[in-house]
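# Structural features, examined
The lines below spell out each chain.
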Amino acid sequence: MQIINNVNELREFIKVWRVSGETIAFVPTMGNLHAGHLQLVTQAKAVADRVVVSIFVNPTQFGVGEDFESYPRTEKEDQEKLVSADVDVLFLPSVDDIYTSDARTTVTVTDVSDWYCGAYRPGHFAGVATVVCKLFNIVQPNIALFGLKDFQQLTIIRIMVRDLNIPVEIMGVDTVREANGLAMSSRNTYLTESEKQVASELYRVLCVIRDAILSGVSSYAELEEQALLSLQQVGFKPDYLSVCRSSDLKKAALEDKDLVLLVAVRLGKTRLIDNIYFSK
Ligand code: PAF
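This write-up is about the structure you can find in this document.

## Comments concerning the site of the ligand
All residues adjacent to the ligand are Pro-28, Thr-29, Met-30, Asn-58, Gln-61, Val-131, Val-132, Phe-146 and Gln-153. Gln-61 places a side-chain nitrogen or oxygen 2.6 Å from an oxygen atom of the ligand. A distance of 2.7 Å separates an oxygen atom of the ligand from a polar atom in the side chain of Gln-153. Burial of the ligand by the protein amounts to 88% of the accessible area it has alone, namely 290 Å². The set of elements that each furnish at least two residues to the shell around the ligand consists of β2 (24-29) and α6 (124-139). Here the shell around the ligand is built from residues that sort into five nonpolar, four polar and no charged.

## What to know about the sheet that holds strand β9 (residues 270-279)
Read from one edge to the other, the open sheet built from three strands follows the order β7-β8-β9, with strand pairing classed as antiparallel. Here the strands that pair on one side only, and so sit at the sheet edges, are β7 (237-245) and β9. Taking the axes of each pair of neighbouring strands and ignoring which way they run, one obtains an average angle of 10 degrees across the sheet. In terms of strand pairing, β7 meets strand β8 (residues 258-267) through eight bridges, oriented antiparallel. Residue pairing in the sheet places Lys-237 in a bridge with Arg-266 of β8. Sheet contacts for helix α9 (residues 201-214): β7, β8 and β9; angle to β9, the most-contacted strand, approximately 25 degrees.

## Here we look at a nonpolar patch on the surface
A cluster of nonpolar residues, Met-1, Ile-3 and Val-83, forms a patch on the protein surface that exposes about 230 Å² of accessible area. With respect to the secondary-structure elements, Met-1 resides in the segment before β1 (2-4).

## Considering unusual backbone geometry
A positive phi angle, close to 45 degrees, is found at Tyr-116, a residue other than glycine. If you trace the backbone, Tyr-116 turns up in the loop between α4 (95-98) and α5 (117-120). Classification of Tyr-116 by relative accessible area gives buried; the value is 13%. Its identity is not glycine, yet Leu-249 carries a phi of approximately 65 degrees, on the positive side. As for its placement among the helices and strands, Leu-249 is situated in the loop between β7 and β8. Taking relative accessible area as the criterion, Leu-249 reaches 0% and is therefore assigned buried.

## Quick notes on the sheet that holds β2
Read from one edge of the open sheet, six strands run β1-β4-β3-β2-β5-β6, paired in parallel fashion. Bordering the open sheet on either side are β1 and β6 (169-173), each of which pairs with just one other strand. Direction aside, neighbouring strands of the sheet carry axes that sit 25 degrees apart on average. As paired elements, strand β3 (residues 50-55) and strand β4 (residues 89-91) share three bridges and run parallel to each other. Within β4, the residue paired with Val-52 across the bridge is Val-89. Across the face of the sheet, helix α3 (residues 75-84) comes into contact with β1, β3 and β4 while running at roughly 170 degrees to β3.

Rules behind the numbers
- Residues numbered from 1 in each chain as written.
- Predicted model: local features only at pLDDT ≥ 70, side-chain atom pairs only at ≥ 80, totals over all residues.
- Heavy atoms only, no water.
- Near = heavy atom within 4 Å.
- Polar contact = N/O pair within 3.5 Å; in protein donor to acceptor, adjacent residues only side chain to side chain.
- Areas by Shrake-Rupley, 256 points an atom, 1.4 Å probe, with all protein chains shown as cover.
- Helix = DSSP H or I, 4+ residues; strand = E, 2+ residues; numbered from the N terminus.
- Nonpolar A, V, L, I, M, F, W, Y, C, P; charged D, E, K, R; others polar.
- Pairing = 2+ DSSP bridges.
- Axes fitted to C-alpha atoms, helices over the stretch in contact; angles between N-to-C directions.
- Contact = heavy atoms within 4.5 Å.
- Patch = residues over 30% accessible without salt bridge, like charges linked within 9 Å, V, L, I, M, F, W, Y side chains within 5 Å.
- Salt bridge = Lys/Arg side-chain N within 4 Å of Asp/Glu carboxyl O.
- Buried < 20%, exposed > 50% of the residue type's maximum accessible area, 1.4 Å probe, protein only.

Next up, the structure:
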């Protein structure tokens, strides 16, 4: 695996593949890689000739008081995992490689960036959209892969690519879960052992809501209210829980068929998000 820190060096390296007609899959990450990331890499290898992974803890998607400084950085372990996964290139830029000090351009996907997680993390999705747009311009992949766990992020990236005519196919990859149902996330390392037990309740509650919808419940608002109570009872502080249309993340009406249940909670010092999408 080639490790490249510099934007121009990466472009030169990749050019050779492009000229010889090889396809490129790209997996952007912030490191602290777990089985969910490795699943993205496995899928990437299945759909393209070459795989580029980036590790960049992007400062612009962290708000004031969030965990940018303490975000788990596990470069050596990450590199070993990517070598074992047979990745072609690891792009490891510094903040200065990605952002010039007088940068003035940002990418904002309006409306949907302000809902759900966006309401609790102002500016977060502009930071994500901007860095992903920049990484797409640097790598110019044929296909880019993102976890479905960050369903709102994936929706925003799809809209950005469509609106800005970025020539890349976006693929969503299923969430990888622990045996107890907890969705894998780099932030799970913040959880204590007892919090990990409680955290598994999040997926269970989502499954209960999905099953209630599939068996024909008549009010989504009531269902959301009951689920929020159940979450509070086991110790979560919910930010939101919402039954949405999976196509545009607007609140679902009873007649909508393709749904996603979006949830974010706080447990101790950790913020957890999860979702389930399904069709009626
Ligand atoms: O999902 C993530 O890890 C990040 O938000 C991403 C897409 C790598 C952008 O920094």
